Amino acid sequence: MRAIQATAPGGADVLELVDLPEPVPAADEVLVRVRRAGVNFIDTYRRSGTYPMPFPHVVGSEGVGTVEALGHEVTHLAVGDRVVWTSSTSGSYAELATVRAKDAVPVPDVLDDDRAAAVILQGLTAHFLTTSTFPVAPGHDVLVHAAAGGVGLLLTQLATARGARVIGTVGSPEKEELAHAAGADDVIRYRELTDLTAQLPVLVRALTHGRGVHAVYDSVGKDTFDASLASLARRGTLVLFGGSSGPVPPVDPQRLNAGGSLFLTRPTLGHHVDDPAELAWRAREIFAAVADGTLDVRIGATYPLADAADAHRALESRATTGKVLLTL
Ligand code: NDP
């Protein structure tokens, strides 16, 4: 089968199209013929060695496809089922992937392959962030960084649907339009600020009567962390859930006191979908929101499997909007 392997830790150039033997599912796994693989930032962290991985490895932690074979312990899925998955293991940038059966979620017919693949990892992330990490409610002002990104567009829509007022940050005028269309009331083009750390909190406070926001959803990390802390209202919550600009250096907890009894959390999707009942609940709500139009899914770019390296370059250079997919 054809697959994209990261041959060694490094830049997008280490991604190679290779021919590998077909994988065999373990007792608790299913073998899936992949139709779309989602491209996510975590794939770039694993490829680059930022997150430790064995090399070579087949990249990719999300996809949609059809079950072709079952491990002998699997009883709740059948050959021919169309499923989506997001998992802590890699292997989705391939014609065939083995997936833990507990991670595979049957897809309702109403969702086509593109939208199903687009909402599983990023949609579940937006869901746990807005329902569990900082449960958004009417009256909340929240700041969403990279609001036109894959997670960002979904997060903006879910937070808005739950009654919040969203202030988004984006890197370009095109992204500004997308963030507004997703429901953001105000959008700040943070790349145009000469001193983001000093200027962004001033702009956010000007939009919130001087108070600051109840929560910041920060996936950008290194470049935005200080501005995020300084944009919070007293007792506000900084949800740091990614580091697209790089990892945040160690933080002195005393800063949370000085900032106004602030909360800081660093949540991860895996801890919110490991329990099958919780995964099923979150997936059901996300699928329903897509089906009834609450959640509009933007496929920003689609690449053939062989061009996975180009997809990584685009994601890492801030050139993408919404979801990036590989087609097989
Ligand atoms: P995005 O589509 O959001 O792409 C990243 C965006 O971040 C860019 O488009 C860009 O938007 C912004 N950005 C700001 N600075 C940089 C930089 N120096 N380099 C690259 N991008 C930058 O990606 P995803 O939606 O896939 O993921 C967003 C983040 O969320 C990632 O950090 C990812 O790891 C994290 N994540 C965390 C999860 C968790 O469980 N904790 C689960 C899923 C994702 P702009 O041009 O507008 O600035």
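Residues numbered from 1 in each chain as written. Predicted model: local features only at pLDDT ≥ 70, side-chain atom pairs only at ≥ 80, totals over all residues. Heavy atoms only, no water.

### Digging into the site of the ligand
No. 1: Inspection of the region around the ligand gives 28 residues, with G150, K175, Y190, L269 and R318 positioned closest.
No. 2: S244 places a side-chain nitrogen or oxygen 2.9 Å from an oxygen atom of the ligand.
No. 3: Backbone polar atom of L269 to an oxygen atom of the ligand: 2.7 Å apart, as the coordinates give it.
No. 4: Burial of the ligand by the protein amounts to 92% of the accessible area it has alone, namely 910 Å².
No. 5: For the shell around the ligand, the secondary structure elements donating two or more residues are α1 (41-48), α3 (121-133), α4 (150-161) and α11 (308-316).
No. 6: Split by residue class, the shell around the ligand holds twelve nonpolar, twelve polar and four charged.
No. 7: Here the shell around the ligand spans two domains, since at least three of its residues come from each of domain 1 (2-120 + 274-327) and domain 2 (138-265). (Near = heavy atom within 4 Å. Polar contact = N/O pair within 3.5 Å; in protein donor to acceptor, adjacent residues only side chain to side chain. Areas by Shrake-Rupley, 256 points an atom, 1.4 Å probe, with all protein chains shown as cover. Helix = DSSP H or I, 4+ residues; strand = E, 2+ residues; numbered from the N terminus. Nonpolar A, V, L, I, M, F, W, Y, C, P; charged D, E, K, R; others polar. Domains from an automatic or database assignment.)

### Points about the layout of surface pockets
No. 1: Approximately 290 Å³ is the volume found for the second largest pocket.
No. 2: Lining of the second largest pocket is provided by 15 residues; of these, Y45, T50, G243, G246 and P247 occupy positions nearest its centre.
No. 3: The biggest single contributor to the lining of the second largest pocket is α1, with four residues.
No. 4: The class makeup of the residues in the lining of the second largest pocket is six nonpolar, seven polar and two charged.
No. 5: Taken domain by domain, the lining of the second largest pocket gets at least three of its residues from each of domain 1 (2-120 + 274-327) and domain 2 (138-265). (1 Å grid on protein atoms, 1.4 Å probe; cavity = no way out; pocket = protein on both sides within 12 Å on 5 of 7 lines; lining within 4 Å. Points joined across faces, edges and corners; volume = space filled by probe spheres on them.)

### A short note on the sheet that holds strand β2 (residues 15-19)
No. 1: One open sheet holds the three strands; their spatial order is β2-β1-β4, and the pairing between them is antiparallel. Both edges of this open sheet fall to β2 and β4 (57-58), since each of them pairs with a single strand only.
No. 2: Direction of pairing for strand β1 (residues 2-6) relative to β2: antiparallel, over a ladder of five bridges. Of the residues in β2, the one forming a bridge with A3 is V18. (Pairing = 2+ DSSP bridges.)

Fair warning: the whole summary comes from geometry, so function is off the table for now.
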